[in-house]
Amino acid sequence: MRSSRFFFTTLKEAPADAEIISQKLMLRAGLIKRVAAGIYTWMPLGLRTLRKVEAIVREEMNRAGAIELFMPAVQPAELWQESGRWEKYGPELLRLQDRHRRDFVIGPTHEEVITDVVRRDVKSYRQLPVNLYQIQTKFRDEIRPRFGIMRGREFLMKDAYSFHADLADLEREYQVMYATYSRIFTRLGLQFRAVAADTGAIGGSGSHEFHVIAKTGEDDIAYCPDSDYAANVELAEALPPPIPRPAVDKPMQKIATPGKTACKDVAEALTIPLSRLVKAIAVVSEPDNAPKTFALLLLRGDHELNEVKAGKVTSLSPFRFAYEAEVEEHLGCQPGYIGPVGVNSRVRIIADRAVAAMGDFACGANEAGFHLINVNFGRDCPEPEVADLRKVVAGDPSPDGRGTLAIYRGIEVGHIFQLRTKYSEALACRYLDEQGKSQVMEMGCYGIGVSRIVGAAIEQNHDEKGIIFPAAIAPFSVAIVPMGYHKNEEVRRAADRLYDEIINAGFDALLDDRDERPGFLFSDMELIGIPHRLVVSERGLKNGEIEYKGRTDSEAAFIPQENIMAFLRNLPCLKNLSCAA
């Protein structure tokens, strides 16, 4: 491609409302253009990268035996009503009506549609297993779209769905997809990690997320440097303390703490470390067809509540944080001074494992302006229910017993689920087994954020000059930058000849033949992240050399003209989509 025939829209500065580095650089490099909040046009340069990501994903899915199809973005409400998600999905589901006032949705995902496809045509165990996938635009009506394509409303996604006669076969395919995803992200040139994850709103049993490691990631990942253990902090288990609860030592005392409601302020007023303070979080559970429950969740002052874990406590799902009026009704005190001492039997007391092992701790006195010190379970308040309620922190023992945990940030770009029968049962997706008996199919679901990968790659790979694309997904692999292309005939002929040789050799090259200053051309090539740059100049040609500089190289090298093609062929992953793992 020649720059003069391309459509470049680079900017010196990013728009003022751009928030994170990938958003800023994608807008500056002209990869995307904002159309509306969370909705972007992929410009020619960005589309080249997007298509390269898409191609690698498609190649590896095909290699794994999955079969591609293409489902509609607009889906009938009847399918969502049949699965029960019409009511449950929430305002992110964009609902609309056609001219006949029939209800439809713009698909945020396609479990319902694919299950409907399979239930119509797959009738026998002989037709199973099958893994069907698509690469298609999705829409989720985010309440506050931000971070460019990283949390947009419209995005490109690869979603695959597998159907099986039994759980064992689902587990086999799950491992195939795990390996396939690992190959995909390796080929994309990204530093990533697969972590055990919560199934969330999708449902099902087993689940792994694939995260691109980046300081600006939205998710905290717990991992053990001494083993293969890795999990989203929402799922990572916080083990009980290895030492038993100490014996009761001191008498309980009430201490005045007027105006002190924040844990840090209370600990300072009581002259104790945060780890000796127990904070109480009031929650309410109102499940369908069951009585309302008011509970206190107890955590150490230096720990954070893990809402996913709390939501799995027996009879506490679903839960919400209690309103101030409810706190006063059950505890006779305003929030900020509440605790487990003196509460009535209708209040459930659920302590995190770390709290259950504490003695002589401090907590709220259930009286405005007062806290208690030297509190002990069994003496001053009832023995609590015990559960894993907190987020793990760096230094916690690894759940696999092979070291301690560290925490890093990640950007989720892929997620695989063992859905089991959540959708197949709801939509009556059944088959006849060998005995002719009707059985519900087991399902798996495997998603990759194709467009999100581009943003994640930039978050992980950039410098002060711009983007540093991994070679496999750069919009162009080689940039040829002639000095004085429109002024020097010898330079023009040499640049054109070099460009033709590179293209004929199968390399993905850009000849920057714009009539601009050399500094401007160099800056653009660095901004858009082309991995390899060749400079053709009058001085170099006199010396029989072409200047080469890799995107991350500190110094340029000078390659003899006759050796340039051999040199390029030896560069790793230069040829477009040629570096399969």
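Here the structure is a predicted model, which means the values were calculated and not measured.

**Student:** Describe in detail the packing of aromatic side chains, supporting the description with residues and values.
**Tutor:** Any pair of aromatic rings gets described here by the distance separating the centres and the angle formed by the planes. Taken as a whole and assessed by the stated rule, the structure comprises 13 aromatic pairs. One aromatic cluster is present, built from ring pairs that chain together Y178, Y181, F185, F192 and F210. The side chain of R95 reaches across the aromatic face of W86, ending 4.8 Å from its centre. Here the guanidinium or amino end of R533 rests over the ring plane of F522, the centre of that ring lying 4.2 Å away.

**Student:** Residues and numbers for the sheet that holds strand β30 (residues 545–550), please.
**Tutor:** Spatial ordering of the open sheet is given by β28-β27-β29-β30-β31, a layout of five strands whose pairing is mixed. Strands with a single pairing partner mark the edges of an open sheet, and in this sheet they are β28 (509–511) and β31 (557–560). The average angle at which neighbouring strand axes cross in this sheet is 25°, direction not considered. Along the sheet face, helix α14 (residues 518–527) touches β27 (478–482), β28, β29 (532–536) and β30 and points at about 175° away from the line of β27.

**Student:** Let's hear about the side chain of S285: which residues, and what values?
**Tutor:** Note that S285 resides in strand β14 (residues 278–285). The class for S285 is buried, based on a relative accessible area of 0%. Among the polar contacts made by the side chain of S285, one reaches the main-chain carbonyl oxygen of P318 at a distance of 2.9 Å. Not counting chain neighbours up to four residues away, the residues in contact with S285 comprise P291, K292, T293, S315, L316, S317, P318 and F319.

**Student:** Go over the side chain of D513 with me, naming the residues and quoting the values.
**Tutor:** Relative to the helices and strands, D513 resides in the loop between β28 and α14. Once residues within four sequence positions are removed from consideration, D513 is found in contact with R2, S3, S4, Y485 and H486.

**Student:** With reference to specific residues and values, describe the pattern of salt bridges.
**Tutor:** Tallied over the entire structure, the rule returns 50 salt bridges. Put simply, E54 and R58 hold a salt bridge, and the shortest N to O gap is 3.2 Å. With E54 and R58 both in helix α2 (residues 44–63) and four residues apart, the pair spans about one turn of that helix. Given a relative accessible area of 10%, E54 falls into the buried group.

**Student:** Explain the packing of helix α1 (residues 21–28) against helix α12 (residues 450–460) to me, and be specific about the residues and the numbers.
**Tutor:** Their axes nearest at 8 Å, the elements α1 and α12 cross at an angle of 105°. Between α1 and α12, the angle is such that the two are roughly perpendicular. Across from I21, S22, L25 and M26 in α1, the residues of α12 making contact are V454, G455, I458 and E459. Along the lines of polarity and charge, the residues of the contact of α1 with α12 split into five nonpolar, two polar and one charged.

**Student:** Can you lay out the confidence of the model for the chain for me, pointing to particular residues and giving the numbers?
**Tutor:** Taken residue by residue, the chain gives an average pLDDT of 93. The fraction at 70 or more is 97%. Within the chain, strand β12 (residues 230–232) has the poorest average pLDDT of any element, 87, and strand β3 (residues 67–68) the best, 98. Predicted confidence for residues 575–581 stays below pLDDT 50, and this span has 18 contacts to residues more than four positions away or in other chains.

**Student:** Requested: an account of the pairing of β14, with residues and values cited.
**Tutor:** Of all eight residues making up β14, seven are buried, and the element is well covered by its neighbours. Two strands pair when backbone bridges link them, and β14 and strand β15 (residues 293–300) are joined in this way by eight bridges, in the antiparallel orientation. Each bridged residue has a counterpart across the sheet, and for V283 the counterpart in β15 is A295. The sheet contact formed by β14 and strand β16 (residues 319–321) spans three bridges and is antiparallel. Of the residues in β16, the one forming a bridge with V284 is R320.

**Student:** Help me get a handle on α2, residues and values and all.
**Tutor:** Working note: α-helix, 3.6 residues per turn, so residues spaced by three or four point in the same direction. A rise of 1.5 Å per residue sets the reference length of α2, with its 20 residues, at 28 Å; its end C-alpha atoms lie 28 Å apart and thus fit the reference within 8%. Of all the positions in α2, only L45, G46, T49, L50, K52, V53, E54, A55, I56, V57, E60 and M61 are classed as buried. Of the surrounding elements, those touching the buried residues of α2 are β2 (39–42), β7 (130–139), β8 (154–164), α6 (167–187), β24 (442–448) and α12.

**Student:** Tell me what's going on with the packing of α2 against α12, and back it up with residues and numbers.
**Tutor:** At a minimum axis separation of 9 Å, α2 and α12 run at an interaxial angle of 115°. Considering the angle they form, α2 stands roughly perpendicular to α12. Handedness of the α2/α12 crossing: right-handed. When α2 is examined against α12, the residues T49, L50, V53 and E54 are found in contact with a partner set consisting of V450, S451, I453 and V454. The class makeup of the residues in the contact of α2 with α12 is five nonpolar, two polar and one charged.

The rules we used
Residues numbered from 1 in each chain as written. Predicted model: local features only at pLDDT ≥ 70, side-chain atom pairs only at ≥ 80, totals over all residues. Heavy atoms only, no water. Phe/Tyr/Trp six-rings, centres within 6.5 Å; stacked < 30°, edge-to-face > 60°. Lys NZ or Arg CZ within 6 Å of the ring centre and 35° of its normal. Pairing = 2+ DSSP bridges. Helix = DSSP H or I, 4+ residues; strand = E, 2+ residues; numbered from the N terminus. Axes fitted to C-alpha atoms, helices over the stretch in contact; angles between N-to-C directions. Contact = heavy atoms within 4.5 Å. Buried < 20%, exposed > 50% of the residue type's maximum accessible area, 1.4 Å probe, protein only. Polar contact = N/O pair within 3.5 Å; in protein donor to acceptor, adjacent residues only side chain to side chain. Salt bridge = Lys/Arg side-chain N within 4 Å of Asp/Glu carboxyl O. Parallel < 35°, antiparallel > 145°, perpendicular 65-115°, else oblique. Nonpolar A, V, L, I, M, F, W, Y, C, P; charged D, E, K, R; others polar. pLDDT = per-residue confidence, 0-100. Expected span 1.5 Å × (residues − 1). Left-handed = near helix turned anticlockwise from the far one by under 90°.

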